[in-house]
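Read off the chains here:
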Amino acid sequence: MTELELSKEIVKVLDKKKAIDIKVIEITEHSIVADYFVIASGTSNTHVKALADEVEYELTQLGVEPHHIEGRATGWILLDYTGVLVHIFTGESRDYYNLERLWQDAKTVDISDIITED
């Protein structure tokens, strides 16, 4: 599975669990840290944890294990899948850290064909 395919699989899981404002940013040209960021928000710390747990569970079912996880007790959980970093925030934390602004020169991946509209 490529990093882009993995990113899209993560988007599907997040969308299924009602994550808010899901974005995928390709950072390949801007960083050696990873190829993609997947960024999403939850409605509360409990929702953020549930989103992270579901991503971890679903990807484990596909044979993909996280390299590292950080922030389980905060408003920001990071799941490190080496080429894909998943950032799940509460709304307040997302506004504060504003990764989209920090990485504004990076390409946003079109995921409109994956996201369901409610």
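To keep things clear, this report deals only with the structure shown in the data block.

Conventions we followed
- Residues numbered from 1 in each chain as written.
- Predicted model: local features only at pLDDT ≥ 70, side-chain atom pairs only at ≥ 80, totals over all residues.
- Heavy atoms only, no water.
- Helix = DSSP H or I, 4+ residues; strand = E, 2+ residues; numbered from the N terminus.
- Buried < 20%, exposed > 50% of the residue type's maximum accessible area, 1.4 Å probe, protein only.
- Polar contact = N/O pair within 3.5 Å; in protein donor to acceptor, adjacent residues only side chain to side chain.
- Pairing = 2+ DSSP bridges.
- Contact = heavy atoms within 4.5 Å.
- Axes fitted to C-alpha atoms, helices over the stretch in contact; angles between N-to-C directions.

With respect to the helices and strands, Ser31 occurs in the loop between strand E1 (20-26) and strand E2 (36-42). Judged by relative accessible area, Ser31 falls into the buried class, the value being 16%. Polar side-chain contacts of Ser31 include one of 2.9 Å to the backbone nitrogen of Val33.

Read across the sheet, 6 strands follow the order E3-E4-E5-E2-E1-E6 without closing on themselves; strand pairing throughout is mixed. Of all strands in the sheet, those with a lone pairing partner are strand E3 (68-70) and strand E6 (107-108), marking the two edges. Relative to strand E5 (residues 84-90), strand E4 (residues 76-80) is paired through 5 bridges, and the arrangement is antiparallel. Within E5, the residue paired with Leu78 across the bridge is His87. Each of E1, E2 and E5 is contacted by helix H1 (residues 3-16), which is oriented at about 5° to E2, the strand it contacts most. The sheet contacts of helix H2 (residues 45-61) involve E2, E3, E4 and E5, and relative to E5 the element is tilted by about 160°.

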